[in-house]
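Structural description and commentary
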Amino acid sequence: MLNVPSQSFPGSSSQQRVSSGGRSKVPLKQGRSLMDWIRLTKSGKDLTGLKGRLIEVTEEELKKHNKKDDCWICIRGFVYNVSPYMEYHPGGEEELMRGAGSDGTDLFDQVHRWVNYESMLKECLVGRMAVKPAFPKGMLPKSQVTDPLAKEGPSSPSYDWFQTDALVTIVIYTKQKDINLDSVIADHRDDSFRAETVIRDYSYLIHIALSHEIQEDFSVRVVENVGKIEIVLKKKENTSWKCLGHPLENHNSLIPKKDTGLYYRKCRLISKEDVTHDTKLFCLMLPPSTHLQVPTGQHVYFKLTITGTEIVKPYTPVSDSLFSEFKEPVLPNNKYIYFLIKIYPAGLFTPELDHLQIGDYVSVSNPEGNFKISQFQELEDLFLLAAGTGFTPMVKVLSYALTNIPSLRKVKLMFFNKTEDDIIWRSQLEKLAFKDKRFDLEFVLSAPTSEWNGKRGYLSPALLSEFLKRSLDTSKVLICICGPMPFTEQGMKLLHDLNFSKDEIHSFTA
Ligand code: FAD
Ligand code: NAP
């Protein structure tokens, strides 16, 4: 639905625009970029046709507004007139029309629940849905369902707390064995404390307004074999607490992860280094009041306010180099997060990011993504297909596999770029291939100079079948693919044609 053009940007003449199908690739008309949309929303024009009035919308009324030039959509109880936005929607008008005159929340969540529609569409707000008199007997509104998992999900965790003179410890009993430090994301802000424990596709939330003040930093420990999490808070004063505090929204509830919303904290820009002519390594520091570790293969969202509108874009953390797994961490608790980010001079978000000064802040969300470390289990051959910054998820995947998977025989990376100058971390990759005999590397360039002796061109059946040779006929393989959307889609199709099963392929997308 209202997707920001995160993956839609190859220019109209680019090879990336050639493939068809899928979402977020509809070329927009001149003057219909996200920036143009933001300008229109700031122009003072009446975009709802209601002259600034907000109304209560009944279901009957909503249904009537189902045409392109009169299109209302409800998202999470708020109704927007999206007709003025039609031509600006990167996913195209048709996709937006799928929600016309109806509740588009599920459609929206399926595609891009992270897009900050409240900010982008605030001038299109028509009003709220009229509240229905009651929920059908025996049903509760979603947010109050504390254990929706009775049938298919994990059993509901519980928590307890205890104190000493100086400390308060919150203990979460998940009753799961696959819990580790990556599973817990905790933030202390003002007097509130929020800890989200990710258990497969669900989140268990502790969300409390604390009864007393605590120091900024805290520690998190996990007893992995019993799934017990201990969060140790430091009291500001050595007094005895009668209670932990009072519950805030969704406290002590287990809810599907997709319903939790994105939670952000401000991270400080520590350094910014050139990697190629257009790509930089950004280092951000998490606040001491946050515990967050981004799992391998997952991404986060950055949020910046650009000319008054909050814009959100996804980025994938990397390590500071391909060799950092072997170094001692500089700070405890992985407080630094690194990102390789390509700056598009005509882009909306990356020039803003590039203008940030050292010491400035950017809001960073909780991790998202469906890559699971369990996909590495018993893995023998790992094939990585990356194009441009699609290399970013491969960084941690590569390091993790080489360091932690004893069954691994071979890792091969095929890295597609336009020119030699565009290759991110080329010398590090070559050094790694030299050092670790399990790792092979192949660069493919679409616009090389005449001196280039390596492979040239694009993804093709011939290129892939030669590259994807198993080290043994029976090897367990995983193929990871990431790049511009048409690249990923074309790659997936070719892989299916080559008879690789769904379980053997992982594509990185938003
Ligand atoms: P945009 O405004 O999106 O524009 C980029 C370019 O396309 C510009 O040249 C612009 O003029 C052109 N353009 C925009 N819209 C159109 C259109 N409709 N038709 C034709 N041309 C158009 N990127 C990284 O660098 N590093 C990462 O680690 C990373 N991780 C990601 C993880 C995920 C899960 C996803 C989905 C994307 C990731 N990206 C990453 C891409 C990132 O989210 C942004 O899309 C990217 O930074 C571009 O943002 P922008 O706003 O600067 O550019
Ligand atoms: P780019 O430089 O435009 O493209 C990289 C290479 O891929 C170029 O050689 C390009 O060829 C080639 N290519 C493009 N489309 C192709 C296709 N359909 N088939 C074969 N080759 C193709 O890439 P970029 O600007 O760095 O963009 C990287 C993309 O990766 C962005 O869309 C970003 O959103 C995405 N990304 C996604 C994730 C994720 O989902 N987790 C993470 C990071 C990045 P040309 O010479 O024709 O351009």
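Above this text you will find the structure in question.
Throughout what follows, the structure given in this document is the object of discussion.

Rules of the game
Residues numbered from 1 in each chain as written. Chains lettered and ligands numbered in written order. Predicted model: local features only at pLDDT ≥ 70, side-chain atom pairs only at ≥ 80, totals over all residues. Heavy atoms only, no water. Buried < 20%, exposed > 50% of the residue type's maximum accessible area, 1.4 Å probe, protein only. Helix = DSSP H or I, 4+ residues; strand = E, 2+ residues; numbered from the N terminus. Pairing = 2+ DSSP bridges. Core = buried A, V, L, I, M, F, W, Y, C linked by side-chain atoms within 4.5 Å. Salt bridge = Lys/Arg side-chain N within 4 Å of Asp/Glu carboxyl O. Axes fitted to C-alpha atoms, helices over the stretch in contact; angles between N-to-C directions. Expected span 1.5 Å × (residues − 1). Phe/Tyr/Trp six-rings, centres within 6.5 Å; stacked < 30°, edge-to-face > 60°. Lys NZ or Arg CZ within 6 Å of the ring centre and 35° of its normal. 1 Å grid on protein atoms, 1.4 Å probe; cavity = no way out; pocket = protein on both sides within 12 Å on 5 of 7 lines; lining within 4 Å. Points joined across faces, edges and corners; volume = space filled by probe spheres on them. Nonpolar A, V, L, I, M, F, W, Y, C, P; charged D, E, K, R; others polar.

A few words on the pairing of strand 10 (residues 192–199). The buried fraction of strand 10 is high, at eight of eight residues. Side-chain alternation along strand 10 places S192, R194, E196 and V198 on one buried face and F193, A195, T197 and I199 on a second face that is also buried. Hairpin remark: strand 9 (residues 184–189) followed by strand 10, antiparallel, with two residues in the connecting loop; positive phi at D190, about 50°. Here strand 10 runs beside strand 11 (residues 202–210); their pairing, made up of eight bridges, is antiparallel. Along strand 11, the bridge assignment pairs S192 with A209.

Bringing the nonpolar core into the picture now. Among the nonpolar cores identified, the biggest contains 50 residues, and W37, F302, F339 and L353 are the most heavily contacted of them. Here the element with the most residues in this core is strand 19 (residues 300–306); it accounts for five residues. Residues L379, I405, L432 and F443 belong to the second largest nonpolar core, which totals 39 residues.

Throughout the structure, instances matching the rule amount to 25 salt bridges. Taking the shortest distance from any N to any O, the salt bridge between D36 and R39 comes out at 3.0 Å. Here R39 and D36 lie together in helix 1 (residues 34–42), a separation of three residues that amounts to about one turn. Put simply, K303 and E310 hold a salt bridge, and the shortest N to O gap is 3.8 Å. Residue classification places E310 among the partly exposed positions, given a relative accessible area of 28%. Via salt bridges that share partners, K272, D274, K280 and D354 belong to a single interconnected network.

The antiparallel open sheet is built from four strands, whose spatial order is 7-8-13-12. Taken across any chain shown, the strands that pair with only one partner, and hence form the sheet edges, are strand 7 (158–163) and strand 12 (214–223). Sheet twist, expressed as the average angle between the axes of neighbouring strands with direction ignored, equals 20°. Taken together, the seven bridges between strand 8 (residues 167–173) and strand 13 (residues 228–235) define a ladder with antiparallel strand orientation.

Since the α-helix turns once every 3.6 residues, residues separated by three or four places project in the same direction. Taking 1.5 Å of rise per residue, the 13 residues of helix 7 (residues 392–404) would be expected to cover 18 Å, and the 19 Å separating its terminal C-alpha atoms lies within 8% of that figure. Turning to helix 7, its buried residues are T392, P393, M394, V395, K396, V397, L398, S399, A401 and L402.

With the rule as written, the count across this model stands at 17 aromatic pairs. Linked through ring pairs, F302, Y315, F339 and F349 together constitute an aromatic cluster. Just above the ring of F323 sits the side chain of K431; from NZ or CZ to the centre is 4.8 Å.

Here the focus is unusual backbone geometry. Glycine aside, the phi torsion of most residues is negative, and most peptide linkages are trans. The phi dihedral of R200 is positive, around 50°, even though this residue is not glycine. Here R200 is to be found in the loop between strand 10 and strand 11. Accessibility expressed as a relative area gives 46% for R200, which makes it partly exposed. A positive phi is found at T307, a non-glycine position, where the angle reads about 35°. Checked against the element boundaries, T307 lands in the loop between strand 19 and strand 20 (309–315). What makes T307 partly exposed here is its relative accessible area of 48%.

The tally for this structure, following the rule as stated, stands at four cavities of 30 Å³ or more. The computed volume of the second largest cavity comes to approximately 40 Å³. Together, W37, I38, T41, K42, S119, M120, K122, E123 and T309 line the second largest cavity. Those elements that provide at least two residues to the lining of the second largest cavity are helix 1 and helix 5 (117–120). If one sorts the elements of the lining of the second largest cavity by residue count, helix 1 sits on top with four residues. For the lining of the second largest cavity, a count of residues per class yields three nonpolar, three polar and three charged.

Everything listed is a geometric property; what it means functionally is a separate question.
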